Amino acid sequence: MSETDVLVVGAGAAGIAAARALLKAGLRCQVLEARSRPGGRAATDTATLGAPFDLGATWLHAANRNPLRLLAQSLGMATFDHGSARESVCFDAGRRAGPEDMAAYDATWETFHTRLGALVPLPGESAAALAARSGFGGGRWDATVMHWEGPVICAAPLAEMDARDYLDTLLEAPDLLLPEGTGTLLARLAAELPVSYGAVVERLDWSGPRVVAEGRFGRLEAASTIVTVPTAVLAAGAIRFTPELPPETAQAIHDLPLGLLTKIGLRARGADRLDLAPFAGIERRVEREEEAAMTAIAWPFGHDHLMGFVGGPAAWDLAKAGPAATVAFAFEELSKNFGARAMAALRREGALVSDWGRDPFSRGAYSHARPGRAAARGILAAPLAEGRLCFAGEACHPSLAATLGGAWETGEAAAAHAARALRDRERDKERQPLTPALAWRYAAPATDAPPPTGTTDEG
Ligand SMILES: Cc1cc2nc3c(=O)[nH]c(=O)nc-3n(C[C@H](O)[C@H](O)[C@H](O)COP(=O)(O)OP(=O)(O)OC[C@H]3O[C@@H](n4cnc5c(N)ncnc54)[C@H](O)[C@@H]3O)c2cc1C
C-alpha cells in the first residue's frame, strides 16, 4: 500500500463510487475493505443454485434517477424492468385470492399511499402513527399492506421509523433486475480500483493534519478519509475514533439503525412449478403487520428457484435460530399456501440463506431513521474537520437511503468534499505565510503598540 491522498474505508457501493470519483479527479486513493470481495451488501452467489442469486441488493430502484442504471448499461449488462412481468399471487387462509379480493388488496395499497402522502408528519411521529392518524388500519388488507411497507420493504416495523424520513425515502418504479446480479455489477465497477482486501480498519486517528488508519494491515495515513461502513457497524464501536466523533455525529449514527431482510433461495426438485409464472410474487394475507411471514418471487428469469424474503423482527429471530430453522420456516410458509405440494416441488437441501444480521461487517440490511430523527442522515453526511473525515453510505442519502443508488451518490459526494479539502489545503500551502510583523499590520492597524520584531518580504 503506497503513499495516498485519500483512504476509503469499505468497498461497497459508496466506497467504489468514492474511489472512482477520486481517481477521475486525479487523486490517489487506497480502499481498505474488511471482506475478501467488493460489493458490501450487494453480493451475487452464482454457484449454489446454478443461477445468479443476489443475497443482498436485488433491484435498481427508482431507475430513472439511479446512477447505477447507466453504469450497468455502459458495461453491457442487461437490465430487466420487473414491473413488466410482475404478477401478484396472494393467498388468504390457504386459498388463492380471486379477482375481487385482489382488487380490494390493490385498492388498499392505493389508499395507504394517498392517505399518508396527504398528511404532513408531526415532529417525532412514527410512520405507524402517521398511518393511524390518516385513518388507515382495521381493513381486511390493511395489515398486509403495512407488513409489506414496514418489515418487507423497509426491513423494520413502521412504528420504529420516522414518518418524515419514511415519506422522503419512498422509492418509485421502475425497478430493474440484473440477470447477472447486482453483486456482479459492483464487482465489475470495482475491478480496476486499488482495494486492499481483508483490511479491517480498527482505529482512525483524525486528531492531526493527516488521518491515520490502523488495523492488522498496519498503519496508513492520508490527507482525508472517507468512511463508508454501515451505521450498525459504527454504532457497535468496530472502529475507534481519536478524538471521539462529535456528539451530533455519534447521535446520528445511533439514530440510523439497520433493519433486517433475509433472503432465501430454494430450488425446484422436479418439473412442478406450482402453477406460477416466472416472476410471480407469492404473498399471503396477514392479520398483524409484525406477523412472521415470507413473501417470494417465483422462478426469476425462468430459473428453477424461488427467491424468498423475510423482514423485520421475524428476520432477526430467524437469524438467531440459524439457516436450517430459516429454511424450515420457509417451507412452513409455502405449505400454508401450497400444502404438501410445496414439499414435493422444492428441495430443502442446497438452499441459500443470507446472513446480514450476524455478519460483523454489516450487522443488518439497511437503515431507517428513528422517530423524530429524520435529520440524522444530513448530519452524518456533513464532512468533519474541513473534509479530512467524511462519512458516506446508504444511510447518508436524503431520498435514496437504503439503496445502492443512494450509497453510490453519497460516495461521489464525499469524494467531492475530500477533493475540495485537499485543493484548499494545497492552495493554503502555496500562499506566502504571513510573518508575525505582517500579520500584526493586517490584524491590528489601529493600535499604537509597536509591531512585533521580525522582517517581512515587503521590506
Ligand atoms: C437483503 C438485502 C436486500 C436489499 N435489497 C436492495 C435492493 O433491492 N435494491 C437496493 O438498491 N438496495 C438494496 N439493499 C440495500 C443495499 O444493499 C445497500 O443500501 C447498499 O449496498 C449499501 O452500500 P454501502 O456502500 O452504503 O454499504 P456496504 O455495501 O455495506 O459497504 C460497506 C463496506 O464496508 C466494509 N467494512 C465494514 N466494516 C469495515 C471495517 N472495519 N474496515 C474495513 N471495511 C469495513 C464492508 O465489508 C462493506 O464492504 C438490500 C440490502 C440487503 C441486505
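Residues numbered from 1 in each chain as written. Predicted model: local features only at pLDDT ≥ 70, side-chain atom pairs only at ≥ 80, totals over all residues. Heavy atoms only, no water.

1. Observations concerning the overall build of the protein chain
Thought 1: Helices and strands together make up the secondary structure of the protein chain, namely 15 helices and 23 strands.
Thought 2: With the C-alpha coordinates of the protein chain rotated into their principal frame, the extents come out at 95 × 50 × 40 Å.
Thought 3: A burial count over the protein chain gives 53% of its 459 residues as buried.
Thought 4: A fraction of 73% describes how many contacts in the protein chain between residues 6 or more apart in sequence connect residues 24 or more apart.
Thought 5: Carbon and sulfur atoms make up 54% of the accessible area of the protein chain, which totals about 19800 Å². (Helix = DSSP H or I, 4+ residues; strand = E, 2+ residues; numbered from the N terminus. Buried < 20%, exposed > 50% of the residue type's maximum accessible area, 1.4 Å probe, protein only. Contact = heavy atoms within 4.5 Å. Areas by Shrake-Rupley, 256 points an atom, 1.4 Å probe, with all protein chains shown as cover.)

2. Brief notes about the site of the ligand
Thought 1: Taken together, 38 residues surround the ligand, and among them Glu-33, Arg-41, Trp-59, Glu-394 and Leu-404 come closest.
Thought 2: Contact with the protein chains covers 99% of the free accessible surface of the ligand, which is 1000 Å².
Thought 3: For the shell around the ligand, the elements supplying multiple residues, two or more each, are helix 1 (13–24), strand 2 (29–33) and helix 14 (404–430).
Thought 4: Class assignment for the residues of the shell around the ligand results in 24 nonpolar, ten polar and four charged. (Near = heavy atom within 4 Å. Nonpolar A, V, L, I, M, F, W, Y, C, P; charged D, E, K, R; others polar.)

3. Re the sheet that holds strand 2
Thought 1: Sheet architecture is open: five strands sit in the order 10-2-1-14-23, paired in parallel fashion. Both edges of this open sheet fall to strand 10 (195–197) and strand 23 (389–391), since each of them pairs with a single strand only. Across the sheet, the axes of successive neighbouring strands diverge by a mean angle of 20 degrees, strand direction being ignored.
Thought 2: Bridging between strand 1 (residues 6–9) and strand 14 (residues 224–227) involves four bridges; their strand directions are parallel. Within the sheet, the bridge partner assigned to Val-8 lies in strand 14 and is Ile-226. (Pairing = 2+ DSSP bridges. Axes fitted to C-alpha atoms, helices over the stretch in contact; angles between N-to-C directions.)

4. Overview of the domain arrangement of the protein chain
Thought 1: The assigned domain composition of the protein chain is domain 1 (6–44 + 56–63 + 68–78 + 178–256 + 363–425) and domain 2 (80–176 + 261–353).
Thought 2: Summarising the inter-unit geometry, the C-alpha centres of domain 1 and domain 2 are found 29 Å apart.
Thought 3: Taken together, the contact between domain 1 and domain 2 spans 28 residues of the former and 30 residues of the latter.
Thought 4: Summed over both partners, the interface of domain 1 with domain 2 comes to about 2200 Å²; 60% of that surface belongs to carbon and sulfur atoms.
Thought 5: On inspection of domain 1 and its partner domain 2, the count reaches one salt bridge.
Thought 6: Measuring nitrogen to oxygen at the nearest pair gives 2.8 Å for the salt bridge that ties Asp-165 to Arg-377.
Thought 7: Linking domain 1 to domain 2 there are eleven residue pairs in polar contact (both at pLDDT 80 or more).
Thought 8: Split by residue class, the side of domain 1 that touches domain 2 holds 15 nonpolar, eight polar and five charged. (Domains from an automatic or database assignment. Buried area = accessible area lost by both parts, 1.4 Å probe. Salt bridge = Lys/Arg side-chain N within 4 Å of Asp/Glu carboxyl O. Polar contact = N/O pair within 3.5 Å; in protein donor to acceptor, adjacent residues only side chain to side chain.)

5. Some points on the side chain of Arg-388
Thought 1: As for its placement among the helices and strands, Arg-388 is situated in the loop between helix 13 (376–381) and strand 23.
Thought 2: No salt bridge is formed by the buried Arg-388; the nearest opposite charge belongs to Glu-386, separated by 4.4 Å.
Thought 3: In this structure the side chain of Arg-388 is engaged in a polar contact, spanning 2.5 Å, whose partner is the backbone oxygen of Gly-208.
Thought 4: When sequence neighbours within four positions are dropped, the list of residues in contact with Arg-388 reads Trp-206, Ser-207, Gly-208, Pro-209, Val-211, Ala-223, Ser-224, Thr-225 and Arg-425. (Lys, Arg positive; Asp, Glu negative; His and termini not counted.)

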